[in-house]
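Breakdown of the fold
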Amino acid sequence: EGTKTVALLFDSLVSPFWVSGIEIMRQKAKAKGWTTLENISNFDDNKQFEQVKAMISRKVDGILIIQTDAKAVIPAIRAANEANIPMVHFNRPPAKSDAYSVAIQADNRKIMQDTVSFLVDEAKKQGGKYKAVILIGDLGDVNAIQRRDGFFDVVNKNKDIIDVVGRVATEWNADKAFAGLTNAIQANPDVNFLVTSSDFLHPQIEQVLKSADKWHKRGEPGHVLFGGFDGDEGAYARLQDGYLDACGVQNLFLEVDMAFGAFEDLWAGKKPDKLLLDPGFVITQASLADKREDMWGYTVWKKMQKAG
Amino acid sequence: MNDTEAQPAFFAAEGLCKSFFGVQVLHDMTFSLHPGQVLGLVGENGSGKSTTMNIMGGVLPMDAGRMTLDGADYRPRGPRDAESRGIAFIHQELNLFRNLTVAENLFIAGFPKLARGLPFIDRAKVRVRTQELLSSVDLDVAPNTPVSRLSQGERQLVEIAKALGSNARIIIFDEPTTSLTTREIERLFDIIGRLRRQGIAIIYISHILGDVLRLCDDIVVLRDGHRVGRAPRAEMTVERMISLMVGRTIDQIYPPRDPPMSPGAPVLEVRGLSQRGIVKNIGFDLRAGEVLGLSGLMGAGRSELARILFGMDPHETGQVRVGSTAMTTLSPANCMAHGMAFLTEDRRAEGLMMEASIADNVALASLPQFGRTWMRLIDRTRLGDEVARVSASVQIKAPDLQRTLVKNLSGGNQQKAVIGKWLLHKPSVFILDEPTRGIDVGAKYEVYKIVNRLAAEGAGVLFISSEIEELTGMCDRILVMAHGEIRAEFARAAFDREAILRAAMWHGIKEVA
Amino acid sequence: MIARGVPGNRTTLFLLQNTPVLLFIVLIVGFGMMSPRFLSLVNFVNIVVQAAHIGIIAIGMTFVLLVGGIDLSVGANMYVVAAVLGLFLQDLPLSVSFPLVIAIGVSFGWVNSWFITRLRVPAFIVTLSTLFVGRGLALYFSGNKMVGFSPSVLSLGRASYLGVPSAIWAFAIVFVVAWLTLSQTTFGRQVYAVGADPEASAKAGIDVRRILVAVYCIAGGCAAIGGLVSLSQVAVASSTFGFQKEFPVIAATVLGGTSLFGGRGGVLGTVFGAVLIQTVENGLVMTNADPYLYPLVISAIIFIAVLVDSSRSAILERLERRQIRVERG
Amino acid sequence: MSTTTLPTERAAEPARRRPRIAERLLMSEYLVLALTVLYVLILWPIVPSIATRATMLDVLAAMMPLLVVAIGQTFVLIVAGIDLSAPSILATASVVGASMMTDDGGFALASGIPILAGIVAFVAVGLLIGLFNGLCTTRLGMPAFIVTLTTMMFFSGFALFYTAALTDDGSSFGDLPASFVAIGQGTVAGVPYSLGVAAVVMGVAHLVLSRTVFGRWLYAIGRNPRAAAISGVPVRRAVTWAFVISGLCAAIASVLYTGRLETGTPVLGQRILLDIVGSAVIGGVSLFGGTGKVTQTLYGVLFLSVVDKGLQLLGLDLASVFAIKGLVILLAAVLDALRRRLILRA
Ligand SMILES: Nc1ncnc2c1ncn2[C@@H]1O[C@H](COP(=O)(O)OP(=O)(O)OP(=O)(O)O)[C@@H](O)[C@H]1O
Ligand SMILES: Nc1ncnc2c1ncn2[C@@H]1O[C@H](COP(=O)(O)OP(=O)(O)OP(=O)(O)O)[C@@H](O)[C@H]1O
Ligand SMILES: [Mg+2]
Ligand SMILES: [Mg+2]
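This report concerns the structure included in the present document. (Residues numbered from 1 in each chain as written. Chains lettered and ligands numbered in written order. Predicted model: local features only at pLDDT ≥ 70, side-chain atom pairs only at ≥ 80, totals over all residues. Heavy atoms only, no water.)

1. Considerations on the environment of L239(A)
- Relative to the assigned elements, L239(A) resides in helix α8 (residues 233-241).
- Since its relative accessible area comes to 1%, L239(A) is described here as buried. (Helix = DSSP H or I, 4+ residues; strand = E, 2+ residues; numbered from the N terminus. Buried < 20%, exposed > 50% of the residue type's maximum accessible area, 1.4 Å probe, protein only.)

Here's what the structure looks like:
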């Protein structure tokens, strides 16, 4: 039946999560003998719609899309339906509509809840009061909002020991994160609980905490309870070194397999559910050795070690 | 030609040619200069005077010909090159930077440095040198005054100071007196006399032929880009220059003018107009069919008064009536609606859109009259016809009204374009601020005729000029301003150059003290 | 009528001339009341540190705006510099690699100027294109991956000399050099002349092309230095490093009073503009404001600053106008 | 001046005269258009689908909203201003308009004419922000760049704020009425409505700029505002109108975009600012005022849209897309510069 051509429509490649994602997709597609076409929309819904239409006119066999906005993607789904081209949403589901497509998503809120719960348990174990800061992602991004909500779900239940003193709006932007966190710590020098909505902000966090003399390993005095999300190679390294306490990991390999599986099902005439959830998992220093093989950042880290 | 002096020529130009866009504007221009000589260059607007000087000053490359300086080939690569070879150029269109101070303008091509190898400007030295240069042209402003705050006349003096500061061997004056009044012109002539005694050669371009005759040793006449004559002063007269320039004789400089039968109704009445520090208690009437002159020295406040009357500047007290209407608010649009028009003294910054065509410029003030339907769609045929008619009546010389950009016109033709713009608006009160600045005798004559025609058709004309001859030649009545006040009024019968000058030089403060 | 000196106007004049500073003080007092910690010295140091990279690039942009040009490619330039440093020059000592990448930034500016001066392509389009080409090149080098830097670069970002953070040193040095260049050298004054009227400048004997080339090279060099300051702070350069930086940079410059049409402005104002924006952002975090309000408050304050400045200029112009007549008492 | 002779027709002339044709083409004002065609011809062998009817219709439909905003921008550029707030007008109009018609917000649902009310809201947002920009520049003497920069920041933030306050997930307004969506997506006889809307906007704008008193005033203001004021042109009023028109065009474009995406989103158009100004400038509109035509803007928009479409069809990685896009724009600009020189020489 010839080779399949699949379009990979990303809205950005700002973080290692997406870069690794697209690389894993390229590899797995190659392994299956598929051709891939790439388009990046730079967070522009309208441009992405045009890209979908371009792919439809190129008559691809499947469209994998990471849209910026859940509702704005609906006309694109409809256009794909009309052209009979299967569409799979990677990591961000569309809003409800009558149009049909399959979405693969990490259970952000749940994973974040689990991560923060772990940190809170640690806090309780150590005792004392905590001043917390959260780095929030782009306010227009569903995942960012779900993660923020997951954070507050847990924190609000533990108001007695945790006081949120800073909400840094990073807009997924490294220097906003750097400046925002610096200022937040400036305002509250006794911050000792920190959660980021994405691991790609770790380098800035490390810079700021180092400047504030707060970059200490677990167990050392002055350690800040630190939770991450995504599971990239930096997170792995910092877990291993003892700076990071817990990280909510999205199972990227699983998600790509799920997405490609969905294409194959659709080509075979099956109709998978509209939303397929990746349960993800929380990885901590204790569970590092057991679970790291499923952590995508670990493979990237290994490769980097090999390259020197 | 036999040069009167023994010194040999140290600069010579032979067979210079130049074309713009395929039109040759300079043919075989040839002349020479020797130290201490003042060479006059006259010709109609667009005859190629500035072009010749631009070639000499390195602004434009020549198409053909040859220049020599001290016997060696001279082919400047740019203005800077020309300056370093000792040729300074005072441009016709003032070439100053409004955002910089007077001192900075004088030294912009290269400031004195604090020390060898150090890039920093020696501010103290700049100040001292500036003061020297300014006092040599008798301009009393602080070296750090921004040029934007100077009047046109003051700017012209700054330009002259700049040329004096460049240690040139040849100084080109391209119409240096257009914004100067009698006093400064005398001063300039003194300076030129001093320069020539130092052995500096001068090229002097002017449309005021009397000045040229008085000042220059030799006079070269251009017509349509051809050199049509060169003679030492002794062999020249104003009449001969004119006939060489225009190819025919003009017997009068001012067209005859029938004074109005009876003084018409006032079309502009001004009472008690004051603005602190600018003008004080101005009151006068301008009648239909009258040409009213406004004389004064540089800085007397004539332009300021005109600007206030046209609503461009504010005023504190006073009433202005235009026609039968008492104006409650003065603004250009409002004044125009009541038939006023104002030709400003700075045609480049305030009169013209340099990057637009002649037709666009001429049409600008009258567009609403050509709007049809609620959308005000322009009636292009009618507008085109009217523009062509007006342009022809002021005799703008240009290949194509729709295509020729105003910036490519000679100064005189630019002035005609501004006048055309206002004529199309059919004004009943016309304020002209230095309307003949920089235009040739022929064109001046045309402007005078236009003014006369306007007056004959019943308009009132307020004629501001720094040339007293022009005012006495043209006006029915002359007002003299000094220090923001009207100091004297002369009726045509009582015109007296000396008396006018004396009134203009009145020094308000001293008299009080 | 007021006699000589016009003393009544003196205070008004003084107040008017210093309104930007006054506004700044009002702002600081306001935030200070809401969050006492805002008023600490450490916090001011912080603000300047965070404003440094934008400020440095904006200083370069000031030169370009002064000649009536524009450089949209500064953000791309930053990214190119970061990618080259992180990918190819990791192993060189900083004393070699930094001058090298600054030279790359300067050449980036030189390429811009080549198209602008030799081929007469409008600066807006040239720098818009080089923005894309530059980002494309850098993305190609980095393969879209985050670029990391050697520990020496990162520790430089946290280092202080004589108690002053390195970013402030860089900011201060760039500012002083730029200020001296613009106000105290022939070149600097010629920049203003070219901005006011390029044609007249040529006639006045200024080598206009040389000035334009120099100005874009300066902007390129400043973008590189600003990039270095920024990357030493944020520690990595992701694929969005420097993305759309041209907007805050131009905003800081224009807020500082430099005209987009050339000939007016200066670097002191630019520094002020950059610091002002950062002060507001800092104040908002200090007072733990709702993130949704950030853009609203920041834009409102910039707006008020410019409003005050422009009405002040109008009044100043009126007050300082030269008078023909000396009024008698 | 309308687009009567397409360069493609000229290119079809006999081969022996090619050098002269090339020269003439280079000198014509349709150069950008010709380059667009050239670009398509180059890509054709690689991605044949670029020259299909469907793709062309797609490009046309997709470029219409951008064209409408860029036309508004042209008015402001002609008076030597700039309107950076256009993207935020797109976003604010999109969310405010959408909130009238959907369950989130739903301010006009009870009115019985929600769609009309919605469109009125779109237009009102555009007019008001445009008016604000215009009044600040003309009455308060603030530079257009900074005024519109602050309105851009403010209203981008406001759109997010508004959306967060009125919707559950805080990201956008969905479920727009079908008849509204049709404006952005519907077709009549295969021609998208949006094409019709844009054609009307373009026609009116062209008429206004080239044939009316107001249009001439705008050019005069751009060339020399002082001379214009002294010649009785109501400079402040005209400049204010230019900004209002820009706001109105952005609002109309917002209707098209919102209908196209079936979503009122606060991030609408946040990345197209450089496209808006860039397409006008590439077409030949000067940033320094006084020149520019609607047709030039059209060619610029078409050029950028076709370049983008080609790059999308190629499906290259991000690095190549950026580099190629930059080079193509630069090439177009260099050719345009050569063209101007040739004209000067002739
Ligand atoms: N840059 C230019 N481009 C095109 N034509 C020009 C240019 N400069 C001058 N010309 C034309 O060359 C001719 C000579 O102009 P020039 O300025 O030398 O005249 P002029 O004798 O100095 O006149 P005026 O007394 O009005 O200053 C004119 O017809 C003018 O229109
Ligand atoms: N834009 C300005 N700002 C401040 N002062 C000005 C400005 N323009 C002119 N002046 C001052 O106003 C005074 C009068 O100007 P101006 O010389 O134009 O008067 P005038 O009587 O029309 O003389 P003339 O027309 O001969 O130059 C001058 O002293 C000048 O310095
Ligand atoms: Mg001349
Ligand atoms: Mg005057």
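2. Overview of the interface of chain D and chain C
- Listed per partner, the contact involves 40 residues of chain D and 41 residues of chain C.
- Where chain D abuts chain C, roughly 3,800 Å² becomes buried across the two surfaces, and 85% of that area is made up of carbon and sulfur atoms.
- When the area that chain D buries against chain C is broken down by residue, the three leading residues are F145(D), L274(D) and F322(D), summing to 16%.
- In this structure, the connection of chain D to chain C is made through zero salt bridges.
- Applying the counting rule to chain D against chain C returns two residue pairs in polar contact (both at pLDDT 80 or more).
- Contributions of two or more residues to the side of chain D that touches chain C are made by α6 (114-139), α7 (144-166), α13 (273-283) and α15 (318-345) of chain D.
- With 13 residues, the single largest contributor to the side of chain D that touches chain C is α15(D).
- Residues that form the side of chain D that touches chain C fall into these classes: 32 nonpolar, five polar and three charged. (Contact = heavy atoms within 4.5 Å. Buried area = accessible area lost by both parts, 1.4 Å probe. Salt bridge = Lys/Arg side-chain N within 4 Å of Asp/Glu carboxyl O. Polar contact = N/O pair within 3.5 Å; in protein donor to acceptor, adjacent residues only side chain to side chain. Nonpolar A, V, L, I, M, F, W, Y, C, P; charged D, E, K, R; others polar.)

3. Thoughts on the interface of chain C and chain A
- Of the residues lining the interface, 35 residues belong to chain C; the matching set on chain A comes to 31 residues.
- Counting across the chain C and chain A interface gives two salt bridges.
- For K145(C), the salt bridge goes to E23(A), with nearest N and O atoms at 2.9 Å.
- Linking chain C to chain A there are 12 residue pairs in polar contact (both at pLDDT 80 or more).
- Those elements giving two or more residues to the side of chain C that touches chain A turn out to be α3 (41-66), α7 (151-158), α11 (208-234) and α13 (267-286) of chain C.
- In terms of residue class, the side of chain C that touches chain A is made up of 13 nonpolar, 16 polar and six charged.

4. Observations regarding the coordination of the magnesium ion (ligand 4)
Residue and element names in this part refer to chain B.
- Coordination of the magnesium ion (ligand 4) by the protein comes from S303 (OG) and E345 (OE), over a distance range of 1.8 to 2.5 Å. With S303 in helix α9 (residues 302-309) and E345 in the loop between β16 (340-343) and α11 (347-351), the pair connects residues that are 42 residues apart, well separated along the chain.
- Of the residues examined, E345 reaches a relative accessible area of 22% and is grouped as partly exposed. (Donors = N, O, S within 2.8 Å, 3.2 Å for Na, K, Ca; no water.)

5. Section: the packing of aromatic side chains
- With the rule as written, the count across this model stands at 39 aromatic pairs over all chains.
- One aromatic cluster is present, built from ring pairs that chain together F154(D), F155(D), F158(D), Y162(D) and F173(D).
- Positioned above the aromatic ring of Y192(C) is the side chain of R189(C), whose terminal nitrogen or guanidinium carbon lies 4.6 Å from the ring centre. (Phe/Tyr/Trp six-rings, centres within 6.5 Å; stacked < 30°, edge-to-face > 60°. Lys NZ or Arg CZ within 6 Å of the ring centre and 35° of its normal.)

6. Observations regarding a positive patch on the surface
- Together, R118(C), R120(C), R209(C) and R341(D) make up a region of like positive charge exposed at the surface.
- Checked against the element boundaries, R209(C) lands in helix α11. (Patch = residues over 30% accessible without salt bridge, like charges linked within 9 Å, V, L, I, M, F, W, Y side chains within 5 Å. Areas by Shrake-Rupley, 256 points an atom, 1.4 Å probe, with all protein chains shown as cover. Lys, Arg positive; Asp, Glu negative; His and termini not counted. Charge placed at Lys NZ, Arg CZ, Asp CG, Glu CD.)

7. Let's talk about the coordination of the magnesium ion (ligand 3)
- Protein coordination at the magnesium ion (ligand 3) comes from S50(B) (OG) and Q92(B) (OE1), with a distance range of 1.9 to 2.1 Å. Here S50(B) is found in helix α1 (residues 49-56), whereas its partner Q92(B) is found in the loop between β6 (87-90) and α3 (102-107), with 42 residues between them in sequence.

8. Topic: the site of ligand 2
- In the neighbourhood of ligand 2, 17 residues make up the surrounding shell, with S151(B), A300(B), G301(B), R302(B) and S303(B) lying closest.
- Among the chains of the assembly, those with residues near ligand 2 are chains B and C.
- For ligand 2, a nitrogen atom lies 3.5 Å from a polar atom in the backbone of R149(B).
- G301(B) places a main-chain nitrogen or oxygen 2.6 Å from an oxygen atom of ligand 2.
- Burial of ligand 2 by the surrounding chains reaches 86%, relative to a free accessible area of 610 Å². (Near = heavy atom within 4 Å.)

9. What about the side chain of S32(B)?
All names here are of chain B.
- Within the secondary structure, S32 is located in strand β2 (residues 23-33).
- With relative accessibility at 19%, the residue S32 sits in the buried group.
- Dropping the residues within four chain positions of it, S32 is found in contact with A9, F11, A12, Q37, L39 and R230.

10. Thoughts on the packing of α6(D) against helix α12 (residues 235-261) of chain D
Residue and element names in this part refer to chain D.
- In the contact formed by α6 and α12, the axes pass within 7 Å of each other and the chain directions differ by 150°. Regarding the angle of α6 to α12, the classification is roughly antiparallel. With respect to the hand of their crossing, α6 and α12 are arranged in right-handed fashion. Between α6 and α12, the residues in contact are F122, V123, G126, L127, G130, L131, N133, G134, L135, T137, T138 and R139 and R236, V239, T240, F243, V244, G247, L248, A251, S254, V255 and T258, respectively.
- Considering only residue class, the contact of α6 with α12 consists of 11 nonpolar, 10 polar and two charged. (Axes fitted to C-alpha atoms, helices over the stretch in contact; angles between N-to-C directions. Parallel < 35°, antiparallel > 145°, perpendicular 65-115°, else oblique. Left-handed = near helix turned anticlockwise from the far one by under 90°.)

11. Concerning the pattern of salt bridges
- Throughout the structure, instances matching the rule amount to 53 salt bridges over all chains.
- Between R109(A) and D149(A) there is a salt bridge, with its nearest N and O atoms 3.7 Å apart. In this pair, R109(A) sits in helix α4 (residues 108-126) while D149(A) sits in helix α5 (residues 142-157), placing the two residues 40 residues apart along the sequence.
- Note that K18(B) is salt-bridged to D63(B), the shortest N-O span being 3.7 Å. Note that K18(B) is positioned in strand β1 (residues 11-20) and D63(B) in the loop between α1 and β4 (64-69), a separation of 45 residues in sequence.
- In this structure D63(B) comes out as partly exposed when scored by relative accessible area, which is 45%.
- One salt-bridge network, in which partners are shared between bridges, spans K47(A), D275(D), D308(D) and K325(D).

12. Some words on the nonpolar core
- Residues I63(A), I171(B) and L309(B) are the most contacted members of the largest nonpolar core, which totals 464 residues.
- It is α3(C) that provides the largest number of residues to this core, a total of 14 residues.
- L33(B), Y74(B), I203(B) and V220(B) belong to the second-largest nonpolar core, a separate cluster that totals 27 residues. (Core = buried A, V, L, I, M, F, W, Y, C linked by side-chain atoms within 4.5 Å.)

13. Focus: the arrangement of the chains
- Among the five pairs of chains that make contact, the interface with the largest number of contacts is formed by chains C and D.
- Separated without contact, chain A and chain B have their nearest C-alpha atoms at a distance of 35 Å.

14. A word on helix α14 (residues 294-314) of chain D
Residues and elements named next belong to chain D.
- When the terminal C-alpha atoms of α14 are compared, their 30 Å separation across 21 residues agrees well with the 30 Å that a helix rising 1.5 Å per residue should span.
- A large share of α14 lies buried, amounting to 21 of its 21 residues.
- Just beyond α14, the residue with positive phi is G315, at close to 65°. (Expected span 1.5 Å × (residues − 1).)

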